[in-house]
2 protein chains.
Amino acid sequence: MHGAVLYAPHDVRVEDRPDPVIEEPTDAIIRLVATCICGSDLWPYRGADEVPAPRPMGHEYVGVVEEVGDAVTTLEPGMFVVGSFWASDNTCEICRSGYQSGCVNRVLMATIGTQSQLARIPLADGTLVPTPESPEPDLVPSLLAASDVLGTGWFGADAAEAGPGKTVVVVGDGAVGLCAVLAARHFGADRIVAMSRHPTRQELARHFGATDIIVERGEAGVARIRELTGGLGAHSVVEAVGTQESMVQAIRSTRPGGHVGFVGLAHDVALPGDELFESLVHLHGGPAPVRRYLPELIRLIVERRIDPGKVFDLILPLDAAAEGYRAMDERRAVKVLLTPDGGVPWAA
Amino acid sequence: MHGAVLYAPHDVRVEDRPDPVIEEPTDAIIRLVATCICGSDLWPYRGADEVPAPRPMGHEYVGVVEEVGDAVTTLEPGMFVVGSFWASDNTCEICRSGYQSGCVNRVLMATIGTQSQLARIPLADGTLVPTPESPEPDLVPSLLAASDVLGTGWFGADAAEAGPGKTVVVVGDGAVGLCAVLAARHFGADRIVAMSRHPTRQELARHFGATDIIVERGEAGVARIRELTGGLGAHSVVEAVGTQESMVQAIRSTRPGGHVGFVGLAHDVALPGDELFESLVHLHGGPAPVRRYLPELIRLIVERRIDPGKVFDLILPLDAAAEGYRAMDERRAVKVLLTPDGGVPWAA
């Protein structure tokens with residue numbers, strides 16, 4: 001099969017890799033219908049993470065079950081499934097508490113790679129959620145978004161306790177931030193402020209439910225949020241970047257007793273303890289337990305109540321993954337969808 | 001009047017200071033019945049905070065109203081009152097949300113000093129809570145504890161979401177940590193683990209409701225918590241120290257999705273963002289909104305359902321404050337109560 005492999009910073013190649021096989025009786029093999037490139041893939045792509053050896057890439061996926069291991073009971077070949085970037089058993093105490101991304105048996109899909117034609121999914125019963133029936137083709141991008149960026153934005157808005165009567169600020173206008181806007185609207189927030197200086201992303205943020213756009217960043221951005229909120233700060237702030245600046249900006253934009261949901265993969269962040277202490281905010285985040293939300297997200301997508309697939313603004317064949325990475329690295333694309341078979345039925 | 005003043009590290013003097021007067025119509029003057037020395041007073045005492053000029057000390061207090069300003073409507077001379085270390089209006093949007101320590105008009109009592117015979121209390125209607133009647137003398141230490149250490153431990157346990165079905169760990173065996181044990185018991189926690197290596201503090205922790213004592217610290221302490229919790233970590237951890245080591249220990253002792261309530265005044269803490277991200281914990285804390293809890297705490301004390309006054313293990317006349325600081329600095333005392341008039345009616 002074909003699969004994307006990162007050899008070194010800025011060197012992604014799609015090459016022939018061995019077809020995956022069932023390794024554990026709880027595994028499934030899926031044939032990818034669509035996969036994509038994540039903002040977090042850019043960390044190793046840009047050299048911020050070391051790449052000591054060539055590594056398969058990708059952790060987002062929707063596909064059709066091809067084969068299941070002997071212990072798999074809820075899935076069978078032919079089912080259309082959505083999974084998350086952490087494979088999880090969905091039965092341990094941590095999973096049952098809603099934190100499948102902290103599952104005691106979890107497997108990081110990024111170590112397997114899903115920018116490929118086939119993929120082995122560990123803990124398949126716990127990880128994969130089938131759609132009610134084979135989805136209409138135009139729903140595929142939204143279902144793929146549910147695999148990570150939608151689920152992550154949803155978790156960010158949930159962790160920030162977005163809801164009625166609240167002003168919600170989203171720091172970061174990547175796909176996760178935009179999906180957090182969508183989630184905040186779904187949760188009924190009164191006012192949703194997207195921090196963005198990119199016209200196309202601003203437009204999508206408004207489509208997803210943003211009521212205000214703020215172009216300033218850092219201290220100037222914090223000052224604008226204070227102006228909007230009678231000097232108090234927002235009730236809820238979603239941090240969807242992962243840098244020191246964005247984390248501090250998020251905390252400073254939040255009122256005492258407010259909630260920061262942080263879902264940007266933290267890189268070189270050291271939170272000043274005294275400032276966090278004085279801020280009186282709630283802080284919650286981390287790798288999103290997307291599996292918790294998948295059944296509801298799939299339902300909302302199939303009922304056409306949300307359309308997160310709009311975050312994909314560039315569709316390429318898997319074999320052109322290198323161009324997809326370049327487009328995201330240069331911020332020419334918000335998010336790149338890759339079609340393993342090269343066809344794009346839903347874009348017709 | 002007499003009042004304690006810090007001149008330099010390890011140099012506390014009780015000296016004649018001017019009697020306070022009503023400065024704002026919302027002020028009250030109280031005559032202290034009891035005051036005390038806080039663990040956080042040790043930061044400047046030990047030189048960890050700069051002391052550019054002599055500063056009055058103390059921020060915990062119970063007393064009798066002596067005089068009120070023209071705008072004060074709920075208090076009158078003769079009432080026995082308890083207040084917190086942040087004076088707050090209790091009417092602004094932040095106060096109404098339960099975060100009086102973030103009140104938009106707040107005044108830090110430590111800038112006024114309450115280790116004294118009289119004290120001016122700003123925003124008196126919002127700040128001071130009268131007891132139902134003049135309390136029996138033996139309740140005074142518990143009511144004084146409510147002014148800070150009990151309210152702070154209570155907030156820590158509340159922020160950590162201590163409750164039925166949960167294992168709660170308390171890091172720190174000072175008065176705040178011990179009161180967090182008491183609060184966790186009140187909230188109905190199943191198992192309460194006090195981290196302490198001091199026999200007398202262990203004994204008080206058990207009296208307040210600790211079911212387990214762990215003497216190890218740092219990584220060894222984390223390993224013991226993991227052993228006790230099936231490898232998962234505790235549901236709730238209260239951090240009541242404020243150092244880098246204790247904060248990291250608290251986070252590492254908490255399971256994914258669990259809650260850390262941090263109430264130790266943070267000094268030179270920088271939280272590693274990647275570790276916080278991967279931990280999936282909730283983090284909430286800061287200067288406790290004691291005012292939120294005061295009515296309930298006073299009720300529980302007056303009904304003799306809790307006895308937090310036991311944290312005071314040394315009682316001295318105000319004029320001997322310097323000895324009180326030494327005793328706490330050298331950990332000879334958990335917490336020192338000071339009697340402004342030198343008498344100790346409840347200890348008879």
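Because the structure is a prediction, the values reported are computed rather than measured.

Undergrad: Describe in detail the overall build of chain A, supporting the description with residues and values.
TA: A tally of regular secondary structure across chain A gives 12 helices and 19 strands. Relative to the 2.2 N^0.38 estimate, which gives 20 Å for 348 residues, the radius of gyration of chain A is 19 Å and therefore close to what a compact globule would have. Referenced to the eigenvectors of the C-alpha coordinate spread, the extents of chain A come out at roughly 60 × 40 × 40 Å. The 348 residues of chain A split such that 60% are buried.

Undergrad: Outline the domain arrangement of chain A, listing residues and values.
TA: Residues and elements named next belong to chain A. Along its sequence, chain A is organised into domain 1 (2-148 + 289-347) and domain 2 (155-285). Centre-to-centre separation of domain 1 and domain 2, based on C-alpha positions: 27 Å. Across the boundary between the two partners, domain 1 contributes 20 residues, which contact 18 residues of domain 2. A buried area of about 1,600 Å², summed over both sides, lies between domain 1 and domain 2, and 64% of it is on carbon and sulfur atoms. One can count two salt bridges joining domain 1 with domain 2.

Undergrad: Can you tell me about helix 6 (residues 175-186) of chain A, naming the residues and giving the values?
TA: Residues and elements named next belong to chain A. For helix 6, with 12 residues, the first-to-last C-alpha span of 17 Å sits near the 16 Å given by 1.5 Å per residue. Burial runs high along helix 6: 10 of the 12 residues are buried. Ala175, Val176, Gly177, Leu178, Cys179, Ala180, Val181, Leu182, Ala183 and Ala184 are the residues of helix 6 that are buried. Along its buried surface, helix 6 packs onto helix 5 (149-159), strand 11 (167-171), strand 12 (191-195), helix 7 (199-208) and strand 14 (234-239). In the stretch just after helix 6, Gly188 is the one whose phi turns positive, near 90°.

Undergrad: Explain the pattern of salt bridges residue by residue, including any values.
TA: Residues and elements named next belong to chain A. Within the structure shown, the criterion is met by 44 salt bridges over all chains. Between Glu303 and Arg305 there is a salt bridge whose closest N-O contact spans 3.6 Å. With a relative accessible area of 43%, Glu303 lands in the partly exposed category. The partner of Glu323 in a salt bridge is Arg326, and the shortest N-O contact between them spans 3.3 Å. In this pair, Glu323 and Arg326 are both assigned in helix 12 (residues 321-329), three residues apart and thus about one turn of the helix distant. For Arg326, a relative accessible area of 38% gives the class partly exposed. Here the residues in one salt-bridge network are Glu323, Arg326, Glu330 and Arg332, joined through shared partners.

Undergrad: Go over the packing of aromatic side chains with me, naming the residues and quoting the values.
TA: Under the criterion given, the structure shown has six aromatic pairs over all chains. Above the ring of A:Tyr99, the side-chain terminus of A:Arg292 is found at 4.8 Å from the ring centroid.

Undergrad: Let's hear about the interface of chain B and chain A: which residues, and what values?
TA: Between chain B and chain A, the residue contacts involve 34 residues of the former and 34 residues of the latter. For the pairing of chain B and chain A, the buried interface totals around 2,900 Å² over both sides, and the portion due to carbon and sulfur atoms is 70%. Summed over the shared surface of chain B and chain A, the result is two salt bridges. Counting across the chain B and chain A interface gives 10 residue pairs in polar contact (both at pLDDT 80 or more). Listed by contribution, the elements that provide at least two residues to the side of chain B that touches chain A are helix 2 (93-96), strand 15 (254-262), strand 16 (270-272), helix 10 (273-279) and strand 17 (282-285) of chain B. Looking at side-chain class alone, the side of chain B that touches chain A contains 20 nonpolar, 10 polar and four charged residues. One ladder, built from three bridges, connects strand 17 (residues 282-285) of chain A with strand 17 of chain B; its direction is antiparallel.

Undergrad: Describe the environment of B:Ile301, and please don't skip the residues or the numbers.
TA: Residues and elements named next belong to chain B. Tracing the backbone shows Ile301 in helix 11 (residues 290-302). A C-alpha to C-alpha distance of 8.8 Å links Ile301 and Ala146, two positions 155 residues apart in sequence. Aside from chain neighbours lying at most four places away, what touches Ile301 is Leu139, Ser142, Leu143, Ala146, Leu150, Ile306 and Pro308.

Undergrad: If you had to explain the UniProt feature "domain: Enoyl reductase (ER)" (unreviewed entry) in chain A to someone new, which residues and values would you point to?
TA: UniProt feature "domain: Enoyl reductase (ER)" (unreviewed entry): in the numbering of this structure it lies at residues 7-338 of chain A. The span residues 7-338 of chain A is 30% helical and 25% strand by assignment, and the distance between its end C-alpha atoms comes to 19 Å.

Undergrad: Go over the pairing of strand 11 of chain A, please, and point to the residues and values.
TA: Residue and element names in this part refer to chain A. When you tally the buried positions in strand 11, you get five out of five residues, the bulk of the element. A two-sided burial pattern is seen for strand 11, the buried positions comprising Thr167, Val169 and Val171 on one face and Val168 and Val170 on the other. As judged from the five bridges shared by strand 11 and strand 12, these two strands associate in the parallel manner. Opposite Val170, over in strand 12, you have Ala194 as the bridge partner. Crossover strand 11 to strand 12 through helix 6 is right-handed.

Undergrad: Could you give an account of the relation of the copies chain B and chain A, with specific residues and numbers?
TA: Screw-axis analysis of chain B against chain A gives a translation of 0.0 Å along the axis, an RMSD of 0.0 Å, and a rotation angle of 180°. Here the transformation between the copies is reduced to the relation of a two-fold axis. In this assembly, 100% of the residues forming the interface of chain B have copies in chain A that are likewise at the interface, indicating an isologous arrangement.

Undergrad: Talk me through unusual backbone geometry; I want residue IDs and the actual numbers.
TA: Backbone geometry at A:Leu123 places phi at a positive 50°, although glycine is not the residue there. Its location among the elements puts A:Leu123 in the loop between strand 9 (118-121) and helix 3 (124-127). Its relative accessible area of 18% is what places A:Leu123 among the buried residues. Positioned with a positive phi, B:Leu280 is a non-glycine residue whose angle comes to about 60°. Of note, B:Leu280 is situated in the loop between helix 10 and strand 17. For B:Leu280, a relative accessible area of 0% gives the class buried.

Undergrad: If you had to explain the sheet that holds strand 4 (residues 55-56) of chain A to someone new, which residues and values would you point to?
TA: Residues and elements named next belong to chain A. In spatial order, the strands read 2-1-4; together these three strands make up an open sheet with antiparallel pairing. Looking along the sheet, the strands with just one partner apiece sit at the ends: strand 2 (11-16) and strand 4. When strand 1 (residues 2-8) meets strand 4, the two strands line up antiparallel, connected through two bridges. Looking at the pairing, Val5 lines up with Pro56 of strand 4.

Undergrad: Outline the packing of helix 6 (residues 175-186) of chain B against helix 7 (residues 199-208) of chain B, supporting the account with residue identities and numerical values.
TA: Residues and elements named next belong to chain B. Viewed as axis vectors pointing N to C, helix 6 and helix 7 meet at an angle of 20°, and their least axial separation amounts to 8 Å. Regarding the angle of helix 6 to helix 7, the classification is roughly parallel. Where helix 6 crosses over helix 7, the two elements pack in a sense that is right-handed. From helix 6, Leu178, Val181, Leu182 and Arg185 reach across to helix 7, where they touch Arg201, Leu204, Ala205, His207 and Phe208. A per-class count over the contact of helix 6 with helix 7 returns six nonpolar, one polar and two charged.

Calculation rules
Along each chain, residue indices are assigned from 1 in the same order as the chain's sequence is written. The naming scheme follows written order: chains are lettered A onward, ligands numbered 1 onward. At least 70 in pLDDT is required for a residue's local features to be given in this predicted model, at least 80 for side-chain atom pairs to be given and counted, and no such filter applies to totals for whole chains, interfaces and linings, which use all residues. The side-chain numbers reported here are obtained from all heavy atoms of the structure, hydrogens and water having been left aside. Runs of E in the DSSP output that reach at least two residues are strands. Runs of H or I that reach at least four are helices, and both are numbered from the N terminus. Only C-alpha atoms enter the radius of gyration; for comparison, a globular chain is expected to reach 2.2 Å times N to the power 0.38, where N is the number of residues. Note on exposure labels: buried denotes an accessible area under 20% of the residue type's maximum, exposed denotes more than 50%, and partly exposed covers the range between, all computed with a 1.4 Å probe on protein chains only. Here the limits of each domain have been adopted from an automatic or database domain assignment. The contact definition used throughout considers only heavy atoms, calling two residues in contact when any of these lie within 4.5 Å. A quick way to say it: buried area is the sum, across both parts, of accessible area lost when two parts are put together, with a 1.4 Å probe. One speaks of a salt bridge when a side-chain nitrogen belonging to Lys or Arg is within 4 Å of a carboxyl oxygen belonging to Asp or Glu. In this analysis, the expected span of each helix is defined as 1.5 Å times one less than the number of residues it contains. Any two rings among Phe, Tyr and Trp, with Trp reduced to its six-membered ring, count as a pair given centres within 6.5 Å; such a pair is stacked if its planes are under 30 degrees apart, edge-to-face if over 60, and tilted if neither. Placement of a charge over a ring requires the Lys NZ or Arg CZ to be within 6 Å of the ring centre, with the centre-to-atom vector within 35 degrees of the ring normal. Throughout this description, a polar contact denotes any pair of N or O atoms lying within 3.5 Å of each other; where both atoms belong to protein, one of them has to be capable of donating a hydrogen while the other can accept it, and for residues adjacent in sequence the pair is counted only when both atoms sit in side chains. Basically, the charged four are Asp, Glu, Lys and Arg, the nonpolar ten are Ala, Val, Leu, Ile, Met, Phe, Trp, Tyr, Cys and Pro, and anything else, Gly included, counts as polar. When DSSP finds two or more bridges between a pair of strands, those strands are recorded as paired. UniProt positions are given in the numbering used here, feature names are shortened, and annotations may be inferred rather than shown by experiment. Assignment of crossover handedness uses the view with strands pointing away from the viewer, where a clockwise path from the first strand over the helix to the second indicates a right-handed crossover. To superpose the copies, least squares is applied to the C-alpha atoms of every residue with a pLDDT of at least 70 in both. Comment: axis = line fitted to C-alpha atoms, over the contacting stretch for helices; angle = value between 0 and 180 degrees taken between N-to-C directions. Should an angle fall under 35 degrees it is taken as roughly parallel, and over 145 as roughly antiparallel, whereas 65 to 115 is taken as roughly perpendicular and any remaining angle as oblique. By convention, the crossing between two helices is left-handed when the near helix turns anticlockwise from the far helix through less than a right angle, and right-handed when the turn is clockwise.

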